[in-house]
Amino acid sequence: MENESKEIPYKIYLSESEMPTSWYNVRADMKKKPAPLLNPATHKPCTFSDLQPVFCDELIKQELNDTDRLIPIPQEIRDFYKMFRPSPLVRAYCLEKKLGTPAHIYYKFEGNNTSGSHKLNSAIAQAYYAKQQGLKGVTTETGAGQWGTALSMACAYLGLDCKVFMVKCSYEQKPFRREVMRTYGASVTPSPSMTTDVGKKMNEEFPGTSGSLGCAISEAVETAVKNPGYRYVLGSVLNQVLLHQSVIGVETKSALDKYGIKADIIIGCAGGGSNLGGLISPFMGEMLRGERNYKFIAVEPASCPSLTRGKFVYDFCDTGHVCPLSKMYTLGSEFIPSANHAGGLRYHGMSAILSELYDEGLMEARAVEQTAVFEAAEEFARIEGILPAPESSHAIRVAIDEALKCKETGEAKNIVFGLTGTGYFDMKAYEAFNDGKMSDYIPTDEDLKRGFDAIPKI
Ligand SMILES: *Cc1c(COP(=O)(O)O)cnc(C)c1O
């Protein structure tokens with residue numbers, strides 16, 4: 001909480017030589033490890049060979065690795081990172097002044113690359129290991145489109161084929177996202193499609209359906225398993241993705257340390273949990289080792305409240321139930337959130353690591369409503385200049401709320417939040433907000449019950 005006299009610049013940049021050389025694996029410092037993935041057929045913990053038909057070998061090792069604290073980042077990935085990393089840690093001087101708060105606000109900005117989000121940090125790692133294994137290509141799903149874009153960029157760089165199943169409503173609503181992916185050489189198929197068994201079944205059962213993330217995942221997995229030389233990759237939720245995203249937290253910590261700043265509150269939006277998990281990992285490590293204390297806040301949409309209203313149980317990760325089961329905070333794989341403009345935060349479940357930490361009381365969670373989120377986005381855009389992604393704006397909302405609390409108490413806390421990306425492809429959402437047509441649908445207990453009823457009894 002002590003704010004030193006050393007002048008803090010607007011942007012704290014690290015040099016290339018100060019970039020992390022290892023990812024930090026927070027599981028190594030967790031006394032209680034996240035529960036293992038379960039094989040959907042046997043309900044036994046997944047082994048390496050269970051996962052081999054679906055995922056790349058090296059990524060499975062990372063997924064199952066609960067013990068190594070540091071995992072070296074291969075040189076080729078570090079070279080790619082240099083195109084857009086280290087990312088700046090920005091002191092939000094203008095926002096602080098506007099709010100009249102004694103708090104110091106910092107944000108780690110991950111939107112400085114064409115994919116527009118932090119997802120490229122994991123996309124390049126996953127594509128790299130697929131290439132190392134001699135594979136032809138990878139398959140994946142994308143909802144809002146950020147992950148598909150990031151993956152297509154990484155695959156283009158490495159010369160891998162990339163097949164993206166894009167949730168049909170986004171495919172139709174975000175034609176420009178689709179074209180960015182195609183420009184990077186990916187093939188983009190609207191989901192549910194007629195190219196997979198799962199897709200055909202969905203189209204038969206629900207003609208005219210606009211699709212869901214859970215269904216697109218099943219289609220991508222099926223395609224990977226059926227095509228020799230292909231594996232499936234996922235942009236969030238998994239342990240390996242949190243591991244890759246720890247580059248955000250390691251850089252943030254180095255930048256703060258450089259100026260002797262001790263964060264008090266660290267905030268991030270949580271969809272599947274990868275950016276938040278990555279941002280807080282090294283700080284959480286200090287807390288788990290009993291070295292320092294922090295307050296961590298996960299922010300989720302009130303329309304898809306996995307942490308604040310979900311159950312901590314084993315559940316399916318996808319609609320077709322082809323993926324392993326994960327113990328996580330979940331709303332049930334059949335829960336369909338109401339239309340919400342933060343597409344990246346509409347997943348029914350949550351990272352097993354964050355779920356465990358939240359269950360142990362090491363992290364807090366808050367659910368926020370859409371219009372309040374866009375109010376914060378607008379305020380931030382007008383004073384800090386960056387047009388934030390709707391997902392990222394969830395973190396902005398709570399950072400502003402915390403800074404306003406400091407104004408009341410007079411405390412000069414250091415607040416750090418993750419600004420995961422930019423919102424240029426989300427102008428329909430901004431349009432609805434600007435026209436005063438945005439609604440806040442919060443699911444009733446009845447709505448949630450329907451989702452919970454579909455959770456398997458394990
Ligand atoms: C995908 C996405 C998120 C949410 O995903 P997490 O895995 O929870 O980090 C947040 N912000 C942006 C900009 C995204 O693209």
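Residues numbered from 1 in each chain as written. Predicted model: local features only at pLDDT ≥ 70, side-chain atom pairs only at ≥ 80, totals over all residues. Heavy atoms only, no water.

## Some details on the overall build of the protein
So, step 1. A tally of helices and strands in the protein yields 18 helices and 15 strands.
So, step 2. Its C-alpha atoms give the protein principal-axis dimensions of about 60 × 50 × 45 Å.
So, step 3. In the protein, which comprises 458 residues, the share counted as buried stands at 62%.
So, step 4. Expressed as a percentage of contacts within the protein between residues at least 6 apart in sequence, the contacts between residues at least 24 apart total 77%.
So, step 5. Within the structure as shown, the protein displays about 17400 Å² of accessible surface, and the carbon and sulfur contribution to it stands at 52%.
So, step 6. Across the protein, 50 positive and 56 negative side-chain charges occur, with their mean positions spaced 2 Å apart. (Helix = DSSP H or I, 4+ residues; strand = E, 2+ residues; numbered from the N terminus. Buried < 20%, exposed > 50% of the residue type's maximum accessible area, 1.4 Å probe, protein only. Contact = heavy atoms within 4.5 Å. Areas by Shrake-Rupley, 256 points an atom, 1.4 Å probe, with all protein chains shown as cover. Lys, Arg positive; Asp, Glu negative; His and termini not counted. Charge placed at Lys NZ, Arg CZ, Asp CG, Glu CD.)

## A few points about the nonpolar core
For soluble globular proteins, nonpolar side chains are generally found buried alongside one another.
So, step 1. Grouped together as the largest cluster of nonpolar side chains are 75 residues, with contacts concentrated most on Trp23, Ile77, Tyr81, Ile266, Phe296 and Met363.
So, step 2. Considering every element that reaches this core, the biggest residue donor is helix H5 (residues 120-132), with eight residues.
So, step 3. Grouped together as the second largest cluster of nonpolar side chains are 35 residues, Ile297, Ile400, Ala429 and Tyr430 included. (Core = buried A, V, L, I, M, F, W, Y, C linked by side-chain atoms within 4.5 Å.)

## Structural notes on the sheet that holds strand E6 (residues 137-142)
So, step 1. Spatial ordering of the open sheet is given by E8-E7-E6-E9, a layout of four strands whose pairing is parallel. At either end of the open sheet lies a strand with only one pairing partner, and these are strand E8 (187-191) and strand E9 (230-232). In this sheet, neighbouring strand axes are inclined to one another by 25° on average, regardless of whether the strands run parallel or antiparallel.
So, step 2. Both E6 and E9 contribute to a ladder of three bridges, which runs parallel. Bridged to Val138 within E9 is Arg231.
So, step 3. Across the sheet, helix H6 (residues 146-158) lies against E6 and strand E7 (161-167), angled at about 165° from E6, the strand it touches most. (Pairing = 2+ DSSP bridges. Axes fitted to C-alpha atoms, helices over the stretch in contact; angles between N-to-C directions.)

## Considering the packing of helix H15 (residues 370-384) against helix H17 (residues 427-434)
So, step 1. Two elements in contact, H15 and H17, have axes whose closest approach is 11 Å; the angle formed by their N-to-C orientations is 100°. Overall, the two elements H15 and H17 adopt an arrangement that is roughly perpendicular. Contacts between H15 and H17 involve Thr371, Phe374, Glu375, Ala377 and Glu378 from the former and Ala429, Tyr430, Phe433 and Asn434 from the latter.
So, step 2. Taken together, the residues of the contact of H15 with H17 sort by class into five nonpolar, two polar and two charged. (Parallel < 35°, antiparallel > 145°, perpendicular 65-115°, else oblique. Nonpolar A, V, L, I, M, F, W, Y, C, P; charged D, E, K, R; others polar.)

## Considerations on the site of the ligand
So, step 1. Taken together, 18 residues form the shell around the ligand, and within it Lys119, Ser236, Gly271, Ser274 and Asn275 come nearest.
So, step 2. His118 has a polar side-chain atom sitting 3.1 Å from an oxygen atom of the ligand.
So, step 3. Within the backbone of Gly272, one N or O atom sits 3.0 Å away from an oxygen atom of the ligand.
So, step 4. Surface burial for the ligand is 98%, taken as the share of its 380 Å² of free accessible area covered by protein chains.
So, step 5. Per-class residue counts for the shell around the ligand are four nonpolar, twelve polar and two charged. (Near = heavy atom within 4 Å. Polar contact = N/O pair within 3.5 Å; in protein donor to acceptor, adjacent residues only side chain to side chain.)

## A word on the environment of Tyr129
So, step 1. Looking at the element boundaries, Tyr129 is found in helix H5.
So, step 2. By relative accessible area, which is 8% here, Tyr129 ends up buried.
So, step 3. Along the chain, Tyr129 and Gln62 lie 67 residues apart, while their C-alpha atoms are 11 Å from each other.

## Focus: helix H18 (residues 445-453)
Note that an α-helix has 3.6 residues per turn; residues three or four places apart therefore point the same way.
So, step 1. Buried within H18 are the following residues: Asp447, Leu448, Gly451 and Phe452. Here the buried residues of H18 occupy an arc of 140° about the axis, which is enough to place them on one side. Set apart from the buried face of H18 by more than 90 degrees, the exposed residues are Glu446 and Arg450.
So, step 2. The inward-facing, buried residues of H18 contact helix H13 (306-309), strand E12 (311-316) and strand E13 (325-330). (Arc of directions from axis to C-beta.)

## Concerning the side chain of Asp447
So, step 1. Tracing the sequence through the fold places Asp447 in helix H18.
So, step 2. Exposure remark for Asp447: the relative accessible area of 16% places this residue in the buried category.
So, step 3. A distance of 2.9 Å separates a polar atom in the side chain of Asp447 from the backbone nitrogen of Thr444.
So, step 4. If we skip the residues at most four places from it in the chain, Asp447 touches Phe335 and Tyr441.

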